[in-house]
Amino acid sequence: LSLSAEIINTKAPYHVVKGEENSFYFTTDGGVVYNVGFVQDQMLADEGVYQFYIVNVNHDHERRDALVWETIRCVIEVFFQQEPLVMLYICDTSDERQDVRDRLFKRWYREYANPIEFTLVNEHIEFDGIVYFGSILLKKSHPNHDELISKFHHIIMDLPNKLDNL
């Protein structure tokens, strides 16, 4: 996977700077620094599956900024120009705001993604009083579309067993 900050910056409202491997940084007008990127995940397949992350680096909070999501959309768009790739999104639970992150991600999909071209499957599971949210996003044209969705569902449903054995 090789993503280009130059290509992202042709459309992104905030200037994106390449970090390590497949990560990017940008700073909002309010001074909030975000790190977004992709980490290879071999849970569903040996290659082509990446977990997407968004980190508020300086933990500052600002009012809703539509340009943040527009910038993130540009990063994801460039990601999907390299086919056939699959994106996983697992909501961070460290501050107990995973439900907010899940709603934001679903809203982003409704507003920006083309449902004719993409499939989004959302799953959640509760374990030890914590609700875990995860999503898989892939093009409908992906050669292993149905198999990957089925495998994702089974992995999420089996998560309590895996966590129990840690």
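So, here's what we can say about the structure. Remember, predicted model here, so these are calculated numbers, not experimental data.

**Describing the overall build of the chain**
Helix and strand content of the chain: four helices and seven strands. Its C-alpha atoms give the chain a radius of gyration of 16 Å, near enough to 15 Å, the size a compact globule of 166 residues would have. Within the chain, the fraction of its 166 residues that count as buried is 43%. Here the chain carries 15 positive and 27 negative side-chain charges, and the mean point of each set is 7 Å from the other.

**Section: a nonpolar patch on the surface**
Together, V17, Y25, V55 and V57 give the surface a local cluster of nonpolar side chains, amounting to about 300 Å² of exposed area. Within the element layout of this structure, Y25 appears in strand β2 (residues 23–27). On the accessibility criterion, Y25 (36% relative accessible area) is partly exposed.

**Quick look at helix α3 (residues 98–112)**
In this model, α3 (15 residues) spans 21 Å end to end at C-alpha, consistent with the 21 Å of a helix rising 1.5 Å per residue. Of the residues making up α3, those classed as buried are Q98, D102, F105, W108 and Y109. Down the axis of α3, the sector holding all buried residues measures 125 degrees, keeping them to one side. Against the buried residues of α3 lie α2 (66–80), β5 (86–90), β6 (118–127) and β7 (130–139).

**What to know about the nonpolar core**
Ranked by internal contacts, the top residues of the largest apolar core, which has 35 residues, are F38 and M87. With nine residues, the single largest contributor to this core is α2.

**Points about the packing of α2 against α3**
Running from N to C, α2 and α3 point in directions that differ by 70 degrees, and their axes come no closer than 11 Å. What the angle tells us is that α2 and α3 run roughly perpendicular. Of the residues in α3, those in contact with A66, W69, E70, R73 and I76 of α2 are L104, R107, W108 and Y112. Considering only residue class, the contact of α2 with α3 consists of six nonpolar, no polar and three charged.

**Description of the pattern of salt bridges**
Inspection of the entire model under this criterion finds six salt bridges. A salt bridge links R73 to E77; the shortest N-O distance between them is 2.5 Å. Within this pair, R73 and its partner E77 are both found in helix α2, separated by four residues, close to a single helical turn. By relative accessible area, which is 16% here, R73 ends up buried. Connected through shared salt-bridge partners, K11, E70, R73 and E77 make up one network.

**Considerations on the pairing of strand β4 (residues 49–56)**
By the bridge criterion, seven bridges tie strand β3 (residues 33–40) to β4 in an arrangement that is antiparallel. Of the residues in β4, the one forming a bridge with F38 is F52. Bridging between β4 and β5 involves four bridges; their strand directions are parallel. Counterpart to Q51 in the pairing with β5 is L88. With α2 bridging β4 and its parallel neighbour β5, the resulting β-α-β unit is right-handed.

Definitions and cut-offs
Counting from 1, residues in each chain are numbered in the order their sequence is written. Owing to the predicted nature of the model, reporting of local features is limited to residues with pLDDT of at least 70; listing and counting of side-chain atom pairs is limited to 80 or more, with chain, interface and lining totals taken over all residues. The side-chain numbers reported here are obtained from all heavy atoms of the structure, hydrogens and water having been left aside. Helix numbering and strand numbering both begin at the N terminus, where a helix is a DSSP run of H or I of at least 4 residues and a strand a DSSP run of E of at least 2. Atoms considered for the radius of gyration are the C-alpha atoms alone. The globule rule reads 2.2 Å times the number of residues to the power 0.38. Think of it in three bands: residues with accessible area under 20% of the maximum for their type are buried, residues over 50% are exposed, and the middle band is partly exposed, with areas taken using a 1.4 Å probe on protein chains only. Positive: Lys, Arg. Negative: Asp, Glu. His and the chain ends are not part of the count. A single reference atom marks each charge: NZ on Lys, CZ on Arg, CG on Asp, CD on Glu. Only residues above 30% relative accessible area that lack a salt bridge enter a patch, with like-charged residues linked at up to 9 Å and the nonpolar side chains Val, Leu, Ile, Met, Phe, Trp and Tyr linked at up to 5 Å. Note on areas: Shrake-Rupley with a 1.4 Å probe; residue coverage comes only from the protein chains shown. Criterion for a salt bridge: a side-chain nitrogen of Lys or Arg within 4 Å of a carboxyl oxygen of Asp or Glu. Between the first and last residue of a helix there are one fewer steps than residues, each counted as 1.5 Å, and that sum is the expected span. This arc is built from the directions going out from the helix axis to the C-beta atoms. Throughout, a contact is declared for two residues whenever any of their heavy atoms are within 4.5 Å. Within this scheme, the nonpolar core is defined by two criteria: the residues are buried Ala, Val, Leu, Ile, Met, Phe, Trp, Tyr or Cys, and they are joined through side-chain atoms within 4.5 Å. Axis definition: a line fitted to C-alpha atoms, over the contacting stretch in the case of helices. Angles run 0 to 180 degrees between N-to-C directions. Every angle not falling under 35 degrees, over 145, or within 65 to 115 is termed oblique; those three ranges are roughly parallel, roughly antiparallel and roughly perpendicular. Just so you know the grouping, Ala, Val, Leu, Ile, Met, Phe, Trp, Tyr, Cys and Pro go in nonpolar, Asp, Glu, Lys and Arg go in charged, and all remaining residues, Gly too, go in polar. For two strands to pair, DSSP has to find at least two bridges joining them. A clockwise course of the path from the first strand over the helix to the second, judged with the strands pointing away from the viewer, identifies a crossover as right-handed.

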